[in-house]
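# Coordinates in review
Listed here are the chains, written in short residue letters.
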Amino acid sequence: MKLGSFKLRPHHWGMLASILLSLALFSWAPFGMNTQRELFFDSLTRLGPKPATEAIVVVDLAGFKADKWNRADLAELVEQIASKQPSAMVFDLVFSSRCGADMVENRTLADALEKAPSILGFLVGGGENGKPRPAPPVLTARPLAVPDFWFLSGVEAPCPVFMDSASAAAASFLVGDADARVRRIQAFSITAGTAYPALSLEAARRMLGAGSPPIIGGLDLWLKLGKKTISLTEDGGIRFVASDRETIAKRTVSAADIMKNAVDTQRLAEKLVFIGSSAPVFGGLRESATMPLEPSVQIHADAAISIAAGFVPLRDYRFARYEALYLLFAGVFLAFAATRLQPAYLAALGVGLIVFSLAASLAIYATTAYLTDGFSVSIALGLVLAITTFFQFAHSRRTERLAHQRFGQYLPQSVVSRYLEGDELSAQERQVTALFTDIEGFSSLAKRMPPQELVGLLDTYFSEVNALIAASGGMIDKVVGDAVHALFNAPEDLDAHVDAAVVCAGRIRRLTEEMRKRPQFAAHAFGRTRIGIETGLAVIGEVGAGGKLDYTAHGDAINLAARLQEANKFLGTSICVGPSAARECSLKLRALGEHDIRGFGRMQLFALDETGAP
């Protein structure tokens, strides 16, 4: 393109893209991908350092008294905990109903709360129990910009009888981001003219043994807790590092075990003990950066650990200007490099800059806890690279698009390889051995398992089964639901393909039976795998036009293999081999007699005799 006598070159477009994208990044609205950026920050917190302490223990009420405990039961538990002499008890429970001071169970629990320092939480709402108390002290430094988010119109406070016995009241509610993930806690809440710290903040103060109250101040808010100074977010929040399942399990003890005296006294002595429940019935499960459902009591513990350790992830609005400046220089450098480098080297340079940007974000976070936006910078650099090389890559991009289109249209890797080598894949008739698998009772399993756990099991199942089929010389035709359709002797010739398929079936059976004994599978009574095998002539090749193509096989042998897989149900077998495959198989088979197969009539069926199977 020419502008007067000036001709726009590819690198000029790259420079222009760098300037525009840098301005967009600086405006704090990087391409409308705020959620994706937050997910990137979550990844940094998962990969970076994990603040840890042995000073916090979480007592999980799940299963305690079969989750039907009353306040008298809880009082007994609290007394047991208090007898271990913890530094404080932090309750992720709000006792705001049935507040009669003359109720025996209320008086019993109130007496138990006095036996160790107790921090009670309150929620946002319109309760009738008055102002939370006692309010922990807090100091302010001028200037101070108090966020509007801190002001609450009303709260749901614990019953007065319990507040009279507590050492402090703190805000225990959690506010999620736009995607519902809880990544930060609101440092303070103000109601009826009094400022209250978050439950985790008050817990961290006590854990640090800070004799003086926390101090808040600044137009860019900061919080001083003992000798630690923490920068707050613009809305007055404190971001925390979410723990993984292993860490949570290590710091958690069961309330039932405490009542059985099965917990060592030293486990709770001088510890900050958080008390809450992971049971869904209590509605305290929230999504965090590491878990789709994390108990709120564990989130409070995570936040307290981050605050006490002084490792609080921070995303400051001022970081955007430095990220934009870096993007400008890196993008201009990449654009000028296009005038000197071959396309392959230019692509390698661009990828190197992207990897460097992501690695730099991780390194900065690991050393300072600052969250820099390597994600948006990397996306922008990718756009600069694409725009800069558009004209130079015109022909190669067309070839690349074709390759990617072919890859997306065909599932089997061997078929894709033949396409890239220029081989024809027109329809042809050849003998094919089909192997069909299915998981027994899968529909029932899917109904009783959480979807994410089920997907995790299937990922493991398909990964190992498909790898075994590939190692046996088979081709994965498709995966449908919980079933695998595999072909042997397609698209390339495979010697003794019937034997290969039968041997593979035996190995699949042994693999999946072993898999069913693994704890994560056994816990859900994962069903056995049924397999059907048959061989015969089939037409294989491309199917579909004007849209997504499929490379598959059609023929009676294919359909019969699917029926034989189903026949295992009434035969009581795991592997059913059809008559044609049995005639060509050199392995030892066991005759099952003649049976009617829907759509094919009566036929002799066989099962693999695994007494000497390879």
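Quick notes on the rules
- Residues numbered from 1 in each chain as written.
- Predicted model: local features only at pLDDT ≥ 70, side-chain atom pairs only at ≥ 80, totals over all residues.
- Heavy atoms only, no water.
- 1 Å grid on protein atoms, 1.4 Å probe; cavity = no way out; pocket = protein on both sides within 12 Å on 5 of 7 lines; lining within 4 Å.
- Points joined across faces, edges and corners; volume = space filled by probe spheres on them.
- Helix = DSSP H or I, 4+ residues; strand = E, 2+ residues; numbered from the N terminus.
- Nonpolar A, V, L, I, M, F, W, Y, C, P; charged D, E, K, R; others polar.
- Buried < 20%, exposed > 50% of the residue type's maximum accessible area, 1.4 Å probe, protein only.
- Pairing = 2+ DSSP bridges.
- Axes fitted to C-alpha atoms, helices over the stretch in contact; angles between N-to-C directions.
- Contact = heavy atoms within 4.5 Å.
- Parallel < 35°, antiparallel > 145°, perpendicular 65-115°, else oblique.
- Left-handed = near helix turned anticlockwise from the far one by under 90°.
- pLDDT = per-residue confidence, 0-100.
- Phe/Tyr/Trp six-rings, centres within 6.5 Å; stacked < 30°, edge-to-face > 60°.

## Focus: the layout of surface pockets
One number sums up the size of the largest pocket: a volume of about 620 Å³. If you trace the largest pocket, you find 24 residues lining it, with Glu38, Asp177, Arg184, Thr233 and Asp235 closest to the centre. Residue assignment for the lining of the largest pocket shows that the elements contributing at least two residues are helix 2 (34-47), strand 9 (184-186) and strand 15 (237-239). The leading source of residues in the lining of the largest pocket is helix 2, at four residues. Its volume calculated, the second largest pocket comes out at about 500 Å³. Taken together, 19 residues make up the lining of the second largest pocket; nearest its centre are Arg245, Met291, Pro292, Leu293 and Glu453. Secondary structure elements with two or more residues in the lining of the second largest pocket: strand 3 (56-60), helix 7 (245-251), helix 10 (296-309) and helix 17 (451-471). A per-class count over the lining of the second largest pocket returns 12 nonpolar, four polar and three charged.

## Let's talk about empty space enclosed by the protein
Enumeration according to the criterion identifies one cavity of 30 Å³ or more in this entry. A volume near 50 Å³ is recorded for the largest cavity. If you go around the largest cavity, the residues you meet are Asp42, Thr45, Val182, Arg183, Arg239, Phe240, Ala242, Ser288 and Ala289. Of the residues that constitute the lining of the largest cavity, the class distribution is four nonpolar, two polar and three charged.

## Digging into the pairing of strand 8 (residues 168-171)
Across the two faces of strand 8 the burial is the same, with Ala168 and Ala170 and Ala169 and Ala171 all buried. Relative to strand 8, strand 5 (residues 118-124) is paired through four bridges, and the arrangement is parallel. Residue pairing for strand 8: Phe122 is matched across the bridge by Ala171.

## Notes on the sheet that holds strand 12 (residues 215-218)
To summarise the sheet geometry, strands pair through backbone hydrogen bonds and adopt either a parallel or an antiparallel arrangement. Strands sit in the order 6-12-13-14 across an open sheet of four strands; the sheet is mixed. Each edge of the open sheet is held by one strand with a lone partner, namely strand 6 (139-144) and strand 14 (228-231). Across the sheet, the mean angle from the axis of one strand to that of its neighbour is 15°, orientation sign disregarded. Bridge count for strand 13 (residues 222-225) against strand 14 is four bridges, and the pairing is antiparallel. Pairing of Trp222 across the sheet is with Ser231, part of strand 14. Running over the sheet, helix 6 (residues 199-208) touches strand 13 and strand 14 and is turned about 35° from strand 13.

## Things to note about the packing of helix 11 (residues 319-337) against helix 13 (residues 374-388)
Running from N to C, helix 11 and helix 13 cross one another at 25°; their axes reach a closest spacing of 10 Å. Classed by the angle they form, the pair helix 11 and helix 13 counts as roughly parallel. Handedness of the helix 11/helix 13 crossing: right-handed. Between helix 11, through Glu323, Tyr326, Leu327, Ala330, Gly331, Leu334 and Ala335, and helix 13, the contact on the second element is made entirely by Val377, Ala380, Leu381, Val384, Leu385 and Thr388.

## Things to note about the confidence of the model for the protein chain
This prediction gives the protein chain a mean pLDDT of 86; 89% of its residues lie at or above 70. The low-confidence segment residues 1-6, where pLDDT is below 50, has seven contacts with residues more than four positions distant or belonging to other chains. When the criterion is pLDDT under 50, residues 406-411 qualifies, and its contacts beyond four places in sequence or with other chains add up to 20 contacts.

## As for the packing of aromatic side chains
Per the stated rule, a full pass over the model turns up 12 aromatic pairs. Three or more aromatic residues link up through ring pairs in this structure, and these residues are Tyr461, Phe462, Phe521 and Phe526.

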